[in-house]
2 protein chains.
Amino acid sequence: MITRKEYEEAQSRAAEYLEKAGIVLSPEEKKSMEVAEFGLGDLYNIGLQLVVYVNNERYCAKELILFPHQTCPEHYHPDIDGRPGKQETFRCRWGTVYLFVPGEETPDPHVQPPKGRERYYTARHEIVLKPGDQYTLPPKTKHWFKAGDEGAIVSEFSSMSVDEKDVFTDPEVERTTKIIE
Amino acid sequence: MITRKEYEEAQSRAAEYLEKAGIVLSPEEKKSMEVAEFGLGDLYNIGLQLVVYVNNERYCAKELILFPHQTCPEHYHPDIDGRPGKQETFRCRWGTVYLFVPGEETPDPHVQPPKGRERYYTARHEIVLKPGDQYTLPPKTKHWFKAGDEGAIVSEFSSMSVDEKDVFTDPEVERTTKIIE
């Protein structure tokens, strides 16, 4: 959980990152930006900020904002009601993001999973995304990602998002952030 | 039709617009950028530059670049093989774009259809999109759009694109650009 003040601070800080990258939000988008704290009480270590531009039955587009060294924990997108799981394309717009997927373990990755929770980070093949680089994940692919020293902004293009159905490897992760007023 | 030199000049110029807006392309994307001349021989009046980031069965994302006062001619996206026509969301990233859709005619629009071809521009309800503004078009909606004085960059998020099936109001428009070597 997170206090309202912490939530709004993270929103403002993420809005500054977008501004640095030349990405303009509407006033409503700034207000409705999601801060995902993942229930672990350590937002600037394990967390993610999201702006959803559009999400309908056919497609979805978001901006993901990561603070320096912030990690989005390992998860996959399951099939839902017989529809294949979400497929997504990550395109780095600003900063550097390290994306980990299943496959041959990268021997000397640039970044490590969050300390103390390494066992919940099973995908160990590292893909480095800098501005202009992108990577498409097939449905049901376990993945996690972490920003470099500057933080990162990543555009996500995908089929419909149903975030609350995401399956996380870490059993303590909760996708929905509880805000204390 | 358009010469190879004209095609490459338009690509370079569009790449400069993206750079001004802080949008980074890979070297391959710069080379494969599409210049749509629409068969009318007047690219800087009726034309469009496109970078396709991803286009698959489930979703599509593109960057559309328009030079000052350049118009993308009126068209709609038909149903294909029993699948509903392409649905798309236009999000202005830079500059100003004037999008025209069916509905009440805007009495004093900011821009006009290309001279001499007005009869092929039947959608007359104007929507002004500036950076941070977006608009979603339902399938099979006739639409056209034109950039303002600075030009415009528009992100397009959509279901799968099958551009060659687009139906244009102007019978002389050809979606595929012929390049003279």
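Scope of this entry: the structure provided in the associated data block. (Residues numbered from 1 in each chain as written. Chains lettered and ligands numbered in written order. Predicted model: local features only at pLDDT ≥ 70, side-chain atom pairs only at ≥ 80, totals over all residues. Heavy atoms only, no water.)

Re the relation of the copies chain B and chain A
This is how it is decided: The superposition of copies rests on a least-squares fit of C-alpha positions from residues with pLDDT of 70 or more in both. Any two residues whose heavy atoms approach within 4.5 Å are treated as being in contact.
When chain B is brought onto chain A, the operation consists of a screw motion whose angular component is 180° and whose axial shift is 0.0 Å, with 0.0 Å RMSD remaining. Given the turn and translation reported, the copies of this chain are related as if by a two-fold rotation axis. Most of the interface of chain B is mirrored in chain A: 100% of its interface residues are interface residues there too.

Considerations on unusual backbone geometry
To keep things clear, this is the line we draw: Helix and strand labels come from DSSP, where a helix needs a run of H or I of at least four residues and a strand needs a run of E of at least two; each type is numbered from the N terminus. Relative accessibility thresholds used throughout: buried, under 20% of the residue-type maximum; exposed, over 50%; partly exposed, between the two (1.4 Å probe, protein chains only).
Here Lys140(A), not a glycine, exhibits a phi torsion of approximately 65°, which is positive. Following the sequence through the fold, Lys140(A) ends up in the loop between β8 (134–137) and β9 (143–158). Here Lys140(A) falls in the partly exposed class, since its relative accessible area comes to 47%. Non-glycine residue His69(B) carries a positive phi angle of around 65°. With respect to the element layout, His69(B) can be found in the loop between β4 (60–66) and β5 (71–76). On the basis of relative accessible area, His69(B) is assigned to the partly exposed category, the value being 38%.

Some thoughts on the interface of chain B and chain A
Short version of the rule: Once two parts are brought into contact, the accessible area they lose, counted with a 1.4 Å probe and summed over both, makes up the buried area. When a carboxyl oxygen of Asp or Glu is within 4 Å of a side-chain nitrogen of Lys or Arg, the pair counts as a salt bridge. Pairs of N or O atoms are called polar contacts if they sit within 3.5 Å, as long as, within protein, a hydrogen donor faces a hydrogen acceptor (for residues adjacent in sequence, only side-chain-to-side-chain pairs).
Facing 30 residues of chain B, the contacting portion of chain A comprises 30 residues. A combined buried area of about 2,200 Å² lies between chain B and chain A, and 45% of that area is made up of carbon and sulfur atoms. If you look at where chain B meets chain A, you find four salt bridges. A salt bridge links Arg93(B) to Glu63(A), with the shortest nitrogen-to-oxygen separation between them at 3.3 Å. Counting every contact that joins chain B to chain A gives 18 residue pairs in polar contact (both at pLDDT 80 or more). For the side of chain B that touches chain A, the secondary-structure elements that each account for two or more residues are β3 (48–55), β4, β6 (88–101), β8 (134–137) and β9 (143–158) of chain B. With four residues, the single largest contributor to the side of chain B that touches chain A is β6(B).

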